[in-house]
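Chain residues, written in single-letter form:
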Amino acid sequence: MAGLNDMQEQACEHVDGPLLILAGAGSGKTRVITHRVAYLMEHEGVNPLNILAITFTNKAAREMRERVDLIVGDGADRVWVSTFHSLCVRILRRYADKIGYGKNFDIYDSDDQKSTVKSILKDFQIDPKRYPEKMFMAEISKAKEKYLSPDEFAKKNAADYAGTKAAEVYTEYQSRLKKNNAMDFDDLIYKTVELFEHNPDVLDTYQNRFRYIMVDEYQDTNHIQFLLVKMLARKYRNLCVVGDDDQSIYKFRGANITNILNFEKEYEDAKVIKLEQNYRSCGNILAAANAVIQHNAGRKDKALWTDKDAGEKISFEQCDSEYAEGDMVASRIKTLVRQGVDYRDIAILYRTNAQSRVLGEKMVYANIPYRVYGGTNFYARKEIKDVLAYLKVINNSTDNLYFRRVVNVPKRGIGEASLSKVESFADAYGLSMMDAAARADEIPGMAAKTSAKIRQFAELITSFRDMLADGESLDSVYDRILEDTGYESELIAEHTEEAMTRLENIDELRNKVVEFTEDNEEAGLSEFLEEIALVSDLDAMSEDDNQVKLMTLHSAKGLEFPYVFICGMEDRVFPSGIALNSDDPDALEEERRLCYVGITRAMKKLYLSAAKERMMHGNRVYSDVSRFIREIPPMLFEHEADMKNMAKRRESESVDRYNRGEGRRDAYGSSYGDTYAGYGGERTAGAASGRSYGQKNPYSSYAKQQSYGQPSSQPSFGKAFVVNSVGKPDYAVGDRVRHIKFGPGTVEALEKGDKDYEVTVNFDRCGVRKMFASFAKLKKCE
DNA sequence: GTGGTGATAGTTTTT
DNA sequence: CTATCACCAC
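All residue numbers refer to positions counted from 1 along the written sequence of the respective chain. Here chains are named by letter from A upward and ligands by number from 1 upward, in the order in which they appear as written. Per-residue local features are limited, in this predicted model, to residues with pLDDT of at least 70; the limit for side-chain atom pairs, both in listing and counting, is 80 or more; totals at the level of whole chains, interfaces and linings are taken over all residues. Hydrogens and water are ignored here; the side-chain numbers use all heavy atoms of the structure.

Enquirer: Sorry, what's going on with the overall build of chain A here?
Expert: Per the convention used, a helix needs a DSSP run of H or I reaching at least four residues, while a strand needs a run of E reaching at least two, with both numbered from the N terminus. Per the secondary structure count, chain A includes 35 helices and 20 strands. In chain A, which comprises 782 residues, the proportion classed as buried is 54%. In this description, contact between two residues means that some pair of their heavy atoms is separated by no more than 4.5 Å. The long-range share in chain A, meaning contacts at least 24 apart out of those at least 6 apart in sequence, stands at 72%. Carbon and sulfur atoms provide 48% of the accessible area of chain A, an area that totals close to 35200 Å². Partly exposed residues are those whose accessible area sits between 20% and 50% of the maximum for their type, while under 20% is buried and over 50% is exposed, using a 1.4 Å probe and protein chains only. Residue burial considers only the protein chains on display, and all accessible areas are found by Shrake-Rupley using a 1.4 Å probe.

Enquirer: Teacher, can you tell me more about the environment of Asn619 here?
Expert: Tracing the backbone shows Asn619 in strand 15 (residues 619-622). Residues Asn619 and Ile333, spaced 286 residues apart in sequence, show a C-alpha to C-alpha distance of 29 Å.

Enquirer: Where do I start with unusual backbone geometry in this structure?
Expert: Trans is the common state for peptide bonds, and a negative phi is the common state for residues other than glycine. Between Val409 and the following residue, Pro410, the backbone shows a cis peptide bond with an omega angle of -5 degrees. Looking at the secondary structure, you find Pro410 in the loop between helix 18 (400-407) and helix 19 (416-429). With an omega of 5 degrees, the peptide bond running from Phe574 to Pro575 counts as cis. With respect to the element layout, Pro575 can be found in the loop between strand 13 (561-566) and helix 27 (577-581). Of note, Tyr147 is a non-glycine position whose phi angle comes to about 60 degrees, a positive value. Along the chain, the position of Tyr147 falls in the loop between helix 6 (133-145) and helix 7 (150-156). With a phi close to 65 degrees, Asn367 is a non-glycine residue in the positive phi region.

Enquirer: Explanation requested: the environment of Met135 in the structure shown.
Expert: Along the chain, the position of Met135 falls in helix 6. Distance in space between the C-alpha atoms of Met135 and Ala166 is 8.7 Å, their sequence separation being 31 residues.

Enquirer: So what exactly am I meant to see when it comes to the protein's contact with DNA strand B here?
Expert: Neighbouring DNA strand B are 25 residues, the closest being Phe56, Lys134, Arg351, Ser418 and His617. For this description, a residue counts as near a given molecule or strand if any of its non-hydrogen atoms is within 4 Å of it. Taking the atoms of DNA strand B that fall within 4 Å of the protein, sugar and phosphate contribute 62% of them. Distance and chemistry together define a polar contact, namely a pair of N or O atoms within 3.5 Å, with one atom able to donate a hydrogen and the other to accept it when in protein, and with adjacent residues in sequence counting only for side-chain atoms on both sides. The separation between a phosphate oxygen of DNA strand B and a polar side-chain atom of Lys134 is 2.8 Å. Within the backbone of Ala417, one N or O atom sits 3.4 Å away from a phosphate oxygen of DNA strand B. Taken together, the elements giving at least two residues each to the surface near DNA strand B come down to helix 19 and helix 26 (553-556). In the scheme used here, Gly and all other residues not listed as nonpolar or charged are polar, with Ala, Val, Leu, Ile, Met, Phe, Trp, Tyr, Cys and Pro taken as nonpolar and Asp, Glu, Lys and Arg as charged. Residues of the surface near DNA strand B, tallied by class, amount to 6 nonpolar, 14 polar and 5 charged.

Enquirer: Just to check I follow, could you spell out helix 10 (residues 200-209) for this structure?
Expert: An α-helix turns once every 3.6 residues. As a result, residues three or four positions apart point the same way. When helix 10 is considered as a whole, its buried residues turn out to be Val202, Leu203, Tyr206 and Gln207. An end-on view of helix 10 places all buried positions within 140 degrees of arc, on one side of the element. Those residues of helix 10 hidden inside the fold are in contact with helix 4 (84-95), helix 9 (185-198) and helix 11 (223-233). It is the directions from the helix axis to the C-beta atoms that the arc portrays.

Enquirer: Please clarify how the pattern of salt bridges should be interpreted in this entry.
Expert: Pairing between side chains of opposite charge can happen when their charged atoms approach one another. The term salt bridge refers to a side-chain nitrogen of Lys or Arg lying within 4 Å of a carboxyl oxygen of Asp or Glu. Under the definition given, this model contains 51 salt bridges. Notably, a salt bridge pairs Arg176 with Asp123, separated by 2.7 Å at the nearest N-O pair. Of this pair, Arg176 sits in helix 8 (residues 161-179) while Asp123 is found in helix 5 (residues 110-123), placing the two residues 53 residues apart along the sequence. For Asp123, a relative accessible area of 52% puts it in the exposed group. As a salt-bridge pair, Arg439 and Glu442 come within 3.2 Å of each other at their nearest N and O atoms. One salt-bridge network, in which partners are shared between bridges, spans Lys29, Asp216, Glu217, Asp220 and Lys557.

Enquirer: Whenever I open this one, the sheet that holds strand 6 (residues 212-215) confuses me. Can you help?
Expert: Hydrogen bonds between backbone atoms are what pair the strands of a sheet, whose relative direction is either parallel or antiparallel. A strand pair is defined by DSSP finding two or more bridges across the two strands. Strand order in the open sheet formed by 6 strands is 3-2-6-7-1-8, and the pairing between neighbours is parallel. Every interior strand has two partners, whereas the edge strands, strand 3 (80-83) and strand 8 (271-275), have only one. On average, each strand axis in the sheet is tilted by 15 degrees relative to the strand beside it, whichever way the strands run. Of the pairings in the sheet, the one linking strand 2 (residues 51-55) to strand 6 comprises 4 bridges and is parallel in character. Within strand 6, the residue paired with Ile51 across the bridge is Tyr212. Helix axes are fitted to C-alpha atoms over the stretch in contact, other axes to C-alpha atoms as well, and angles between N-to-C directions run from 0 to 180 degrees. Strands in contact with helix 2 (residues 29-43) are strand 1 (19-23), strand 2, strand 6, strand 7 (239-243) and strand 8; relative to strand 6, the strand with the most contacts, it is inclined by about 175 degrees.

Enquirer: Is there a simple way to think about the side chain of Lys191 in this case?
Expert: Its place among the elements puts Lys191 in helix 9. Looking at Lys191, the relative accessible area reads 8%, which means it is buried.

Enquirer: Where do I start with the packing of aromatic side chains in this structure?
Expert: The geometry of two aromatic rings is summed up by the distance between their centres and the angle between their planes. Only Phe, Tyr and Trp rings take part, Trp by its six-membered ring, and two of them pair if their centres are within 6.5 Å. Stacked means planes under 30 degrees apart, edge-to-face means over 60, and tilted covers everything else. Evaluated as defined, the whole model comprises 18 aromatic pairs. With a centroid separation of 6.0 Å and 85 degrees between ring planes, the pair formed by Tyr95 and Tyr206 is classed as edge-to-face. Of this pair, Tyr95 sits in helix 4 while Tyr206 is found in helix 10, placing the two residues 111 residues apart along the sequence. Just as Tyr95 is buried, Tyr206 falls in that class too. An aromatic cluster is built from Trp80, Tyr95, Phe196, Tyr206 and Phe210, whose rings are joined through pairwise contacts.

Enquirer: What is the right way to look at the environment of Glu217 in this model?
Expert: Within the secondary structure layout, Glu217 lies in the loop between strand 6 and helix 11. Glu217 sits 41 residues away from Arg176 along the chain, and the two C-alpha atoms are 33 Å apart. Other than its neighbours up to four places away in sequence, Glu217 contacts Lys29, Phe56, Val242 and Lys557.

Enquirer: Explain the pairing of strand 10 (residues 346-350) to me, please; I cannot follow it from the model alone.
Expert: Within a regular strand, side chains alternate between the sheet's two faces. Burial analysis of strand 10 places 5 of its 5 residues in the buried class, the great majority of the element. Side chains Ile346, Ile348 and Tyr350 project from strand 10 onto one buried face, and the interleaved Ala347 and Leu349 project onto a second face that is buried too. Bridging between strand 10 and strand 13 involves 4 bridges; their strand directions are parallel. Looking at the pairing, Ile346 lines up with Tyr563 of strand 13. Two elements, strand 10 and strand 12 (residues 548-552), share 4 bridges in a ladder whose sense is parallel. Considered in strand 12, the bridge of Leu349 is made with Met551.

Enquirer: Looking at this model, I keep getting lost on the pairing of strand 12. Mind explaining?
Expert: Within strand 12, 5 of the 5 residues are buried, which leaves the element mostly enclosed by the surrounding structure. Side-chain alternation along strand 12 places Val548, Leu550 and Thr552 on one buried face and Lys549 and Met551 on a second face that is also buried. Across 3 bridges, strand 11 (residues 370-372) lies against strand 12 in parallel orientation. Bridging across to strand 12, Tyr370 finds its partner in Val548.

Enquirer: Honestly, a negative patch on the surface in this entry has me stumped. Any pointers?
Expert: A cluster of acidic side chains, namely Glu497, Glu504, Asp507, Glu508, Glu515, Glu518, Asp519, Glu521, Glu522 and Glu531, defines a negative patch on the protein surface. In terms of residue count, the dominant contributor to the negative patch is helix 24 (residues 497-519) (7 residues). Its location among the elements puts Glu531 in helix 25 (residues 525-533). For patches, a residue must show more than 30% relative accessible area and have no salt bridge; joins then use 9 Å for like charges and 5 Å for nonpolar side chains, namely Val, Leu, Ile, Met, Phe, Trp and Tyr. His is not counted here, nor are the chain ends, while Lys and Arg score as positive and Asp and Glu score as negative. Throughout, a charge is located at the NZ atom of Lys, the CZ atom of Arg, the CG atom of Asp or the CD atom of Glu.

Enquirer: For this particular structure, what's the right way to read the nonpolar core?
Expert: It is characteristic of soluble globular proteins that their nonpolar side chains tend to be buried jointly. As used here, the term nonpolar core means buried Ala, Val, Leu, Ile, Met, Phe, Trp, Tyr and Cys residues forming a set that is joined through side-chain atoms within 4.5 Å. Phe196 and Leu232 are the most contacted members of the largest nonpolar core, which has 119 residues in total. When neighbours within four sequence positions are excluded, Phe196 is seen to be in contact with Ile91, Val202, Leu203, Tyr206, Leu228, Met231 and Leu232. With 45 residues, the next largest nonpolar core counts Ile314, Ala347, Phe574 and Val625 among its residues.

Enquirer: Please clarify how the packing of helix 17 (residues 382-394) against helix 18 should be interpreted in this entry.
Expert: The relative placement of two packed helices is expressed as an angle between their axes plus a distance between the axes. Between helix 17 and helix 18, the shortest axis-to-axis distance is 9 Å and the interhelical angle comes to 120 degrees. The orientation of helix 17 relative to helix 18 falls into the category oblique. Regarding helix 17 and helix 18, the two cross each other, and that crossing is left-handed. Facing Lys382, Lys385, Asp386, Ala389, Tyr390, Lys392 and Val393 of helix 17, the residues of helix 18 in contact are Tyr402, Phe403, Arg405 and Val406. Note that the term roughly parallel is reserved for angles under 35 degrees, roughly antiparallel for angles over 145, roughly perpendicular for angles of 65 to 115, and oblique for everything else. Crossing handedness: left-handed means the near helix sits turned counterclockwise from the far one by under a right angle, and right-handed means the same turn made clockwise.

In structure tokens form, the structure reads like this:
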């Protein structure tokens, strides 16, 4: 086959039976998948309808489709290429009735999820301060990822109070979604698996349909996705999965790396092909990537190689602040452009979205065209959600959540008190709130004035429905909504910059409506809503605009750029403070994989940068250069000598610290000890040079306690910590204790960890908190 | 029922 | 620093 190396060719020509392709970064993975599709069709005569390719993002799906098109041309459009989520939606739209849902179910995004959980907590009188809704959302999501029903989840978590509560919320959450005929993201997959499990005939249909299945980014699949694939592939076993364990960066979202590591156990006759030749990056970049990832334990052994030249050395610069960093990046970009590089060939990557603000500002200053991807998703913006909620209500949605969202936007004088009357009326008669609103005059105990307002709203919605039924186009109804509801005029009247942006966004959404109606003449409102339920603005990335691209490292996966800047190479930024503090050693490894992903995005030249100080959560914070920088051999950098010096300086610094009794933190390496002792040290240094620190910073207050609150004879942060951590606290479960910040409370649990006691306290003022005993500095109340 | 105020807590990555 | 929330005065 043309243009493929031996391994790639083997991968393409393996037709029957399970196949695992371990494809390193830049090893031509997409190429292999697309060529394999082509091979199946052209050489094996496989009907394109029988091929399913699952990708992780819509963008990847689109790209793959285009590339298959290029190779085979005819029939490629009949290959089913989609993401897990859209695949499941398509199946469920057809069969949702078999599992008790309406076929026109709504899809809840995380915002909708959150408001649902919030309202449940309110009804259950669970204090969100003590048990934040986020926690429940995470629990529910985790349960679904493991394919645990509310009942099973309840059984598993019956032992402790929090688990029981979580189970109750999960149960209620599920029943509310069902009542609203809605599914969240996790449900889409969960319910598909459930559908298959209870309807073997349906499963059989799809097994026959998808005789050849390919899954991209297999390292990022979670358990339920694994189950889904396993079910679909069970009959013909023509399953080809492609992935790279080194690029698994979504564990926080439930991705299960063992899916790929155990593929050979699951499918014993699996053929395994490793793609180790990298076609993307030049030698120095690849060497850096290899050096970094080698610090991870427990990975499948492989080493990428390239026959490209070493290329340019890697640039590293430690700037004074995040602003200086932004300036530096801007000036480097200008230099590149002067040398003839296109803006579109440059990407700026960072760990957290928050970093994009300063970088974006600096691009504006420097007159560099740029675009920030990710961040607040376009479809998650308030005004967009409002307008979409209108559309959803108009689209005969039985969902009360969307009704509630728009019924009083703009203000119509319909408040919570009236709404709960509408809701109980609806519940009593088995109606949706929308239907109940149309009969508002029948609702007992409602003032005539109020019920008139509510009926008016219902009539407004009905008028939009009628327009659509009369065949008016989607975009003209869209305009009427903005006008007749007064939404637009309210924004115009505001006369603020923010309102203008919102109007622009609403206009942008209108463009999407028009675009959609042009592309899909047959389709109506519900098809439109469906189309946009599963897309993010990352999917809209276009090659046409000659702009620098700014995005998180996560978003950059699967992409490549000739010139890549990675900013914020500082400990506690990247790797993130959370990973550094985590007691799960894999957290740091996941950060390292992320670093590996970032480095391997670069083709020609890689620029790494750090800031000595930056604003974080409203406080100036001083940071060390990221440990990942030190994992790259100095010889790969432009200023080799400087890098060596930096390494040396650090060494002597830590020897110094050790002699002063601080170095122990390295030896004991407790997560908390590391961070807080570090802060203590930095803080003193900073104070000495006359810098002021925000007193509100929780870190500095800990640091303060640490350094001054000890009866130790030396100002030795690490040491004090170590001494303290070994001893058992003088309080026990049930004792009353006092915390310097949180006040009085009762000890609920005391567990011995590796290096420290972990104590759970129920504080009178702020609820249950878990902390390390040596840091909590709890005083027993006699 | 609305709108303003002040306080407060939370800030990793996203299909 | 910012988004959200509880509370209070109309």
